[in-house]
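One-letter residues, chain by chain:
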Amino acid sequence: MKTINLSKRLKSVAHWIETQVPSPIHLLDIGSDHAYLPIALIQAGIIQSAIAGEVVEGPYQSALSQSIECQVTDQLQVRLGDGYQVLKEDDHVNVTSICGMGGQLIRKILEEGLLEQKLTPHLVLQANNHEELLRSFLWDHGYQIELEQWLQDKGKTYNLMFASQVGKVINYSTRDLKMGKKDQIIFDASYLEYCQHQILSLNRIIEEMSQAQSKDANFNQTIDSIRNKLNWFKEEVERCPFC
C-alpha cells in the first residue's frame, strides 16, 4: 500500500485537525491537491472519513487514482465540484480544510458555503495572502479564530487559521483585522521572521513613497496607514517571548 508524506505546510494542517477537532472527525478538503491531506490523515487513523473536492477534472482524476492506489476508498470519497457544492444533505462533516490558496478565493468559497448553509463547525484555513479578508469574514459570521500561525514552506509564506463556530459576532479592532488578535497567534521563530521581514518591507515602501516627486490627494492617509502597520509589527517583535 502506498503511503503519503505530507509537505511542511500540510503537516501543520494535519496536526491542527488531529489536536483541535473533536472526535469523530469527518473532513471536507476543498481544493484537495491530489487528496494528499485526507489520505495521510486516514492512513494515520486520525480521521474517520473524508470528502476530497476538486473543481478541475485533472486534479479530480489524480485524487481518485491516489485514493485507489492508497487503498482508502472505503473512507474517502473524491467528488468533482466547486467548493461546498460537493457536499450532500446526508454528509456528516464537522471540519473543512481549505489550503494553499489566496485569501480572496478562500473567502469566496466560504461566502458561497454560507449562502448554501453548508459551513462546518470547524475550519482550517491556509492562505498565502490577504488573510485579513478571512479574519473579517470569520468574526462577522460567528466564528472564533482560536489559533493563528505563520509558516514558510518552499519559499512561500502561509497564514494558518483554526476557527470554530460560536454563534455570535466577534468584536475586533483595525489592528486585530490587519495583524490578528495577540492571544490567538502562535509566536514562534517563523512568526518572528515574518514580522522582521514586514518591517523591512514597510520601511522600504515608506522611503520610496516619501521620495516620490508626485503625491496624490490620499498620500498622507496612505502613508499614515502604512506607518501604523509598521509600528504594530515593531510592537510584535518587542513582545517576542524567546528573544
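Look up a bit, the structure's there.
For every chain, the first residue of the written sequence is number 1, and numbering continues from 1 along that sequence. Local features are withheld for residues below a pLDDT of 70 in this predicted model, meaning they are given only at 70 or higher, and side-chain atom pairs are given and counted only at 80 or more; totals for whole chains, interfaces and linings count all residues. Only heavy atoms go into the side-chain values, all of them from the structure, while hydrogens and water stay out.

### Quick look at the pairing of strand E7 (residues 156-165)
Item 1. Burial within E7 is extensive, with 7 of its 10 residues counted as buried.
Item 2. Strand pairing requires that DSSP identify at least two bridges connecting the strands. A run of H or I in DSSP counts as a helix once it spans at least four residues, and a run of E counts as a strand once it spans at least two, with each numbered from the N terminus. Summarising the sheet, strand E5 (residues 122-127) and E7 pair through 6 bridges and their orientation is antiparallel. The partner of Gln126 across the bridge, within E7, is Leu160.
Item 3. For strand E6 (residues 143-153) and E7, the ladder comprises 10 bridges, and the chain directions are antiparallel. In the strand pairing of E7, Asp153 is matched with Lys156.
Item 4. A loop of 2 residues connects E6 with E7, the two strands running antiparallel in sequence, and Lys154 in this loop sits at a positive phi of about 55°. Partly exposed residues are those whose accessible area sits between 20% and 50% of the maximum for their type, while under 20% is buried and over 50% is exposed, using a 1.4 Å probe and protein chains only.

### Remarks on the environment of Asn171
Item 1. As for its placement among the helices and strands, Asn171 is situated in the loop between E7 and helix H6 (174-179).
Item 2. In this structure, the C-alpha to C-alpha distance between Asn171 and Trp139, residues 32 residues apart in sequence, is 7.1 Å.

### Some thoughts on the sheet that holds E6
Item 1. Across the sheet, which stays open at both edges, the 7 strands sit in the order E3-E2-E1-E4-E5-E7-E6 with mixed pairing between neighbours. Only two strands of the sheet have a single neighbouring strand rather than two, namely strand E3 (76-80) and E6. Ignoring which end each strand starts from, the neighbouring axes of this sheet average 15° apart.
Item 2. Examined bridge by bridge, strand E1 (residues 26-30) and strand E4 (residues 95-101) share 4 bridges and lie parallel to one another. Opposite Asp29, over in E4, you have Ser97 as the bridge partner.
Item 3. Here a residue-residue contact requires only that any non-hydrogen atoms of the pair lie within 4.5 Å. To get an axis, a line is fitted to the C-alpha atoms, and for a helix only the part in contact is used. The angle between two axes follows their N-to-C directions and goes from 0 to 180 degrees. Against the sheet, helix H1 (residues 8-20) makes contact with E1, E4, E5, E6 and E7, and its axis sits at roughly 150° relative to E6, the strand it touches most.

### Considering the environment of Ile4
Item 1. One can find Ile4 in the segment before H1.
Item 2. Judged by its relative accessible area of 13%, Ile4 falls in the buried class.
Item 3. Separated by 40 residues in the primary sequence, Ile4 and Ala44 place their C-alpha atoms 9.9 Å from one another.
Item 4. Dropping the residues within four chain positions of it, Ile4 is found in contact with Tyr36, Ile39, Ala40, Gln43, Gln66 and Cys70.

### A short note on empty space enclosed by the protein
Once rolled over the atoms, a probe with the size of a water molecule shows which space is left empty.
Item 1. Using a 1 Å grid laid over the protein atoms alone, points where a 1.4 Å probe fits but cannot get out form a cavity; open sets with protein on both sides within 12 Å along at least 5 of 7 lines form a pocket; any residue with an atom within 4 Å of a point counts as lining. Grid points are joined across faces, edges and corners, and a volume is the space filled by probe spheres set on the points. Following the criterion strictly, the structure yields 2 cavities of 30 Å³ or more and no others.
Item 2. The volume enclosed by the largest cavity comes to roughly 60 Å³.
Item 3. Surrounding the largest cavity, Arg9, Leu10, Asp29, Gly31, Ser32, Asp33, Leu37 and Cys99 form its lining.
Item 4. Each residue is assigned to one of three groups, with Ala, Val, Leu, Ile, Met, Phe, Trp, Tyr, Cys and Pro labelled nonpolar, Asp, Glu, Lys and Arg labelled charged, and all others, Gly among them, labelled polar. Residue composition of the lining of the largest cavity, grouped by class: 3 nonpolar, 2 polar and 3 charged.
Item 5. Taken as a whole, the second largest cavity spans an internal volume of roughly 30 Å³.
Item 6. What lines the second largest cavity is Arg135, Trp150, Lys178, Met179, Tyr191, Tyr194 and Phe233.
Item 7. Looking at the lining of the second largest cavity, its residues break down into 5 nonpolar, no polar and 2 charged.

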